[in-house]
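Close look at the chain arrangement
As a plain string of letters, each chain reads:
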Amino acid sequence: MIAAPACPTVAVAGSSDRFPVRRIFCVGRNYAEHTREMGGDPNAEPPFFFTKPADAVVDSGAAIPYPAATEDLHHEAELVVALGAGGAFLSQDAALALVWGYAAGNDLTRRDLQAAAKAARRPWDMSKGFDHSAVLGALRQGSAVPQGRIRCLVDGVVTQDADLAEMIWPVAGIIAHLSQFVELKAGDLIFTGTPAGVGPIGRGQLCEVQIDGLAPATVRVG
Ligand code: MN
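Definitions and cut-offs
Sequence order as written defines the numbering, with residues in each chain counted from 1. In keeping with the predicted nature of the model, local features appear solely for residues at pLDDT of at least 70, side-chain atom pairs appear and are counted solely at 80 or more, and the whole-chain, interface and lining totals rest on all residues. Only heavy atoms go into the side-chain values, all of them from the structure, while hydrogens and water stay out. The numbering of helices and of strands both runs from the N terminus, where a helix is a DSSP run of H or I of at least 4 residues and a strand a run of E of at least 2. C-alpha atoms define the radius of gyration in this analysis, and the globule rule sets the expected value at 2.2 Å times the number of residues to the power 0.38. Working definition: with a 1.4 Å probe on protein chains only, accessible area under 20% of the residue-type maximum means buried, over 50% means exposed, and in between means partly exposed. Here the accessible surface of atoms and residues is derived via Shrake-Rupley with a 1.4 Å probe, and residues count as covered only by protein chains that are part of the display. DSSP-based pairing: two strands are paired if at least 2 bridges between them are found. Fitted lines through C-alpha atoms give the axes, limited to the stretch in contact for helices. The angle between two N-to-C directions lies from 0 to 180 degrees. Put simply, a nonpolar core is a bunch of buried Ala, Val, Leu, Ile, Met, Phe, Trp, Tyr and Cys residues held in one set by side-chain atoms that sit within 4.5 Å of each other. By the convention used here, residues are in contact when the closest approach between their heavy atoms is within 4.5 Å. Here the arc refers to the directions that run from the helix axis out to each C-beta atom.

1. Examining the overall build of the protein chain
Within the protein chain, the secondary structure is distributed over five helices and 18 strands. By the compact-globule yardstick of 17 Å for 222 residues, the protein chain fits well, its C-alpha radius of gyration being 16 Å. Each principal axis of the C-alpha distribution contributes one length, and for the protein chain these read about 45 × 40 × 40 Å. Residues counted as buried form 49% of the 222 residues belonging to the protein chain. Working note: accessible area of the protein chain is about 9900 Å², and carbon and sulfur atoms make up 54% of it.

2. Some points on the sheet that holds strand S6 (residues 62-64)
Taking strand neighbours across the sheet as the criterion, the five strands line up as S6-S18-S17-S13-S14 in an open arrangement whose pairing is mixed. Only two strands of the sheet have a single partner each, and these edge strands are S6 and strand S14 (157-163). Each neighbouring strand pair of the sheet contributes to a mean axis angle of 15°, computed without reference to strand direction. Note that strand S13 (residues 149-154) and S14 share six bridges and pair antiparallel. From the neighbouring strand, Cys152 faces S14, where its bridge partner is Gln160.

3. A look at the nonpolar core
Val81, Leu83, Ile175 and Ile190 are the most contacted members of the largest nonpolar core, which totals 41 residues. Of all the secondary-structure elements, those providing two or more residues to this core are strand S3 (24-28), strand S8 (77-83), strand S9 (99-107), S13, helix H5 (171-178), strand S17 (206-211) and strand S18 (217-221). If we skip the residues at most four places from it in the chain, Ile190 touches Phe25, Val27, Leu79, Val80, Val81, Leu83, Ile174, Ile175 and Leu178. Among the nonpolar cores identified, the runner-up in size contains 20 residues, and Ala54, Ala103, Leu189 and Phe191 belong to it.

4. Some details on the environment of Ile150
Within the secondary structure, Ile150 is located in strand S13. Between the C-alpha atoms of Ile150 and Gln160, which are ten residues apart in sequence, the distance is 7.6 Å. Aside from chain neighbours lying at most four places away, what touches Ile150 is Tyr31, Ala77, Glu78, Leu79, Gln160, Asp161, Ala162, Asp163, Leu164, Pro195, Gln210 and Ile211.

5. Points about unusual backbone geometry
With a phi close to 70°, Ala69 is a non-glycine residue in the positive phi region. Taking the relative accessible area as the measure of exposure, Ala69 reaches 58% and is therefore exposed.

6. Some remarks on helix H3 (residues 111-120)
Regarding H3, the residues found buried are Arg111, Gln114 and Ala117. All buried residues of H3 lie within an arc of 120° about the axis, which places them on one face of the element. Residues of H3 that are buried sit in contact with strand S7 (73-75), strand S10 (109-110) and helix H4 (125-128). Arg121, located one to two residues past H3, shows a positive phi value of around 55°.

Structure below.
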């Protein structure tokens, strides 16, 4: 018998407990300015979903190797929702009741591979769902949606700076919409999309995502 793989987990703020990760869903294009910078029309396209493998999670403070097969690794600062319960075909009111907590996250992206995939109308998996591609700060327990600034800094220089209120789809709407496609379960994480200002992280650089009221998500890329 081959031993069952360990369940990936993420840190919980103020606790030695770890949150077990089941699946990782991500929203594409949830801030109007970022949609425009990627060549889209925020009024014409509803947000859509892609995924990362659960074992792509990386604890804040880790050092990761510069990913293979890219010369354009990008940061994407995002609010991440962790679900403590599941359901399908949810209303927005029912959706928020599923939330276990929130974290700051970094949706690391091989931007060159993503551009090539878009041009060839191929899937995004290898541009988004690679090893160490989901950096997460410690989860803060509680269903109240965080408010305030979301920022990204590369070696201390601010590259993304927005307000969570600028999200096109709020947290409840994202969960309710996603639940029309899949039955959500406890342990699912949802990256809620990134504001404008995405850009490269070079070899040796430190990238930090900050969200008001949450622990930062920091990663050093080797
Ligand atoms: Mn993203």
